[in-house]
Amino acid sequence: MINTVRIFSDDIGMKFGLEKCCRLIIKRGKVEVTQGLLLDIGKIRDVEEEKGYKYPGILQGMENLQKQVEANTMKTYTKRISQVMNTKLSGQNKIQAINTYAMPVVSYTAGIIEWTQTEMKDLDRKTRKLLNIYGGLQPREEVHRLYLPRHHGGRGLKEVEATVTAESVGLD
């Protein structure tokens, strides 16, 4: 079947990207290790169980690699917040940039990864801590005001927990 897909791809002018291809053979619940699949244009490698395979952007092996994906998501999220806070944007624009640049990293995984309440609260806490470090939030400022919409007198930051819940409900 893979060869048929390759032939069809060639016929319609699409490149068959072997560097993006992997295969995972599971027989009776166990991963079967092979030398890969040799085609006339190259070789499709097997998925390395420790490294996993990204589809679409989520690490997977025999099942989702939950802890690795969570760690990568948290790292990317905090990195993006730091990048936004290092800019010379106004406070309002920094909050908007966090909502549009950093928050989608977490919301993308909402329906795939099972985020616990503790993990979501920790991410919100890390966000506030980074805002404190970069001077975007006073240490004794009211936390609830940070998450209130701007038209209600708040700062308008999206809460991780609310975002993940809304995305998960939207997928159901």
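The structure we're discussing is the one just above.
Keep in mind it's a predicted model, so treat the numbers as computed, not measured. (Residues numbered from 1 in each chain as written. Predicted model: local features only at pLDDT ≥ 70, side-chain atom pairs only at ≥ 80, totals over all residues. Heavy atoms only, no water.)

Turning next to the overall build of the chain. Within the chain one finds six helices and seven strands. Along the chain direction, N to C, the helices and strands of the chain fall in the order α-β-β-β-β-β-β-β-α-α-α-α-α. Buried residues in the chain amount to 35% of all 172 residues. Partitioning the contacts of the chain with sequence separation of at least 6, the portion at a separation of at least 24 is 52%. In the form shown here, the chain has an accessible surface area of approximately 11500 Å², with 54% of it arising from carbon and sulfur atoms. (Helix = DSSP H or I, 4+ residues; strand = E, 2+ residues; numbered from the N terminus. Buried < 20%, exposed > 50% of the residue type's maximum accessible area, 1.4 Å probe, protein only. Contact = heavy atoms within 4.5 Å. Areas by Shrake-Rupley, 256 points an atom, 1.4 Å probe, with all protein chains shown as cover.)

Before going further, it helps to spend a moment on the side chain of Thr78. Mapped onto the elements, Thr78 comes out in helix H2 (residues 66–85). Separated by 3.1 Å, the side chain of Thr78 and the backbone oxygen of Lys75 make a polar contact. With near-sequence residues (within four places) excluded, Thr78 lies in contact with Lys126 and Leu130. (Polar contact = N/O pair within 3.5 Å; in protein donor to acceptor, adjacent residues only side chain to side chain.)

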